[in-house]
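Survey of secondary and tertiary structure
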Amino acid sequence: MKKIKLDIVGLSYSQTQSGAYALVLGEVNGRRRLPIIIGSFEAQAIAIEIEKMTPSRPLTHDLFKNFAQAFDITIQEIIIYNLVDGIFYSKLLCSDGKKSIEIDARTSDAIAMAVRFDCPIYTYEFILSSAGIVIEGNDFVYLENMADAATEEKAVSSSATGYASLSNDELKSKLQEALSEEAYEKAAKIRDELNRRKAS
């Protein structure tokens, strides 16, 4: 399966989940964006490394990096390899120079390690197709969801966000507004509601 390289293009406070953040990954040489909701601790760990800030004592991810380097272990790449019920699954591809091993990780932790080891982040086409948002010129278009989006949980969450009562045209208009404001996490919620309707 062909891997698609991603870059970190944004990290912002979540507009819909208290204490959470929206991490936005962008397709390299492409127009698709992949918003992922992460916790505040992981968001801080990613932001500190991106901004090249040095905490007074090592954070957990820094400790892991120091431990790995002490034993000549490097992380070669991160792969976001699956998406099930809105949860992204990732793994670290590690090597000690003699053998390579894959280690399962939460996506937020995997990204925090990727920025520390300066290694590439990859995903697969089916994940970008099902959870990504594509930008075409000045217009924003939601991607069709290839996965089964017609679950009761998503129906409940869409009702809770107030999108269930809006028409498709109103939702598409709100999607464009959210994307123009770079509110990717809000856009992902609207995209999920549109995909849920298409699947039902």
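All values derive from a computational prediction rather than experimental measurement.

Right, let's talk about the packing of aromatic side chains for a bit. The tally for this structure, following the rule as stated, stands at three aromatic pairs. When the ring of Phe67 is compared with that of Phe71, the centres are 5.2 Å apart and the planes differ by 50 degrees; the resulting orientation is tilted. Side by side, Phe67 and Phe71 carry an identical accessibility label, which is exposed. Measuring from centroid to centroid gives 6.4 Å for Tyr124 and Phe126, while their planes differ by 10 degrees, and the two rings are stacked. The buried category is assigned to Tyr124, whose relative accessible area is 13%. Its guanidinium or amino end placed over the ring of Tyr122, Lys3 lies 4.6 Å from that ring's centre, counting from NZ or CZ.

Relative to the helices and strands, Glu77 is located in strand β4 (residues 74–84). A distance of 2.7 Å separates a polar atom in the side chain of Glu77 from a polar atom in the side chain of Lys3. When near neighbours in sequence (up to four residues on either side) are disregarded, Glu77 contacts Lys3, Lys91, Leu92, Leu93, Cys119, Pro120 and Tyr122.

Before going further, it helps to spend a moment on helix α6 (residues 168–180). Its 13 residues place the ends of α6 18 Å apart at the C-alpha level, agreeing with the 18 Å of an ideal helix rising 1.5 Å per residue. Within α6 the residues assigned to the buried category are Leu171, Leu175, Ala178 and Leu179. Relative to the axis of α6, the buried residues are bounded by an arc of 95 degrees and lie together on one face. Residues of α6 that are exposed and angled more than 90 degrees away from the buried face: Asp169 and Ser180.

About the criteria used
- Numbering of residues starts from 1 in each chain and follows the order in which that chain's sequence is written.
- This being a predicted model, a pLDDT of at least 70 is required before a residue's local features are given, and a value of 80 or more before pairs of side-chain atoms are given or counted; all residues contribute to the totals for chains, interfaces and linings.
- Where side-chain values are given, they derive from all heavy atoms of the structure, hydrogens and water being excluded.
- To pair, rings of Phe, Tyr and Trp, with the six-membered ring standing in for Trp, must have centres within 6.5 Å; the planes then decide the type, stacked if under 30 degrees apart, edge-to-face if over 60, and tilted in the middle.
- Type-normalised accessible area, obtained with a 1.4 Å probe on protein chains alone, sets the label of each residue: buried when under 20%, exposed when over 50%, and partly exposed for intermediate values.
- The criterion is that NZ of a Lys, or CZ of an Arg, lies within 6 Å of the ring centre and within 35 degrees of the ring normal, and then a charge sits over that ring.
- Under the scheme used here, helices are H or I runs from DSSP no shorter than 4 residues and strands are E runs no shorter than 2 residues, and both carry numbers assigned from the N terminus.
- Here a polar contact is recorded for every N or O atom pair within 3.5 Å, except that within protein the pair must consist of a potential hydrogen donor and a potential acceptor, and residues adjacent in sequence are included only if both atoms are side-chain atoms.
- The contact criterion used is simple: two residues touch if any of their non-hydrogen atoms lie within 4.5 Å.
- Under the convention used throughout, the expected extent of a helix is 1.5 Å for every residue step, that is, one less than its residue count.
- Throughout, the arc means that of the directions going from the helix axis to the C-beta atoms.

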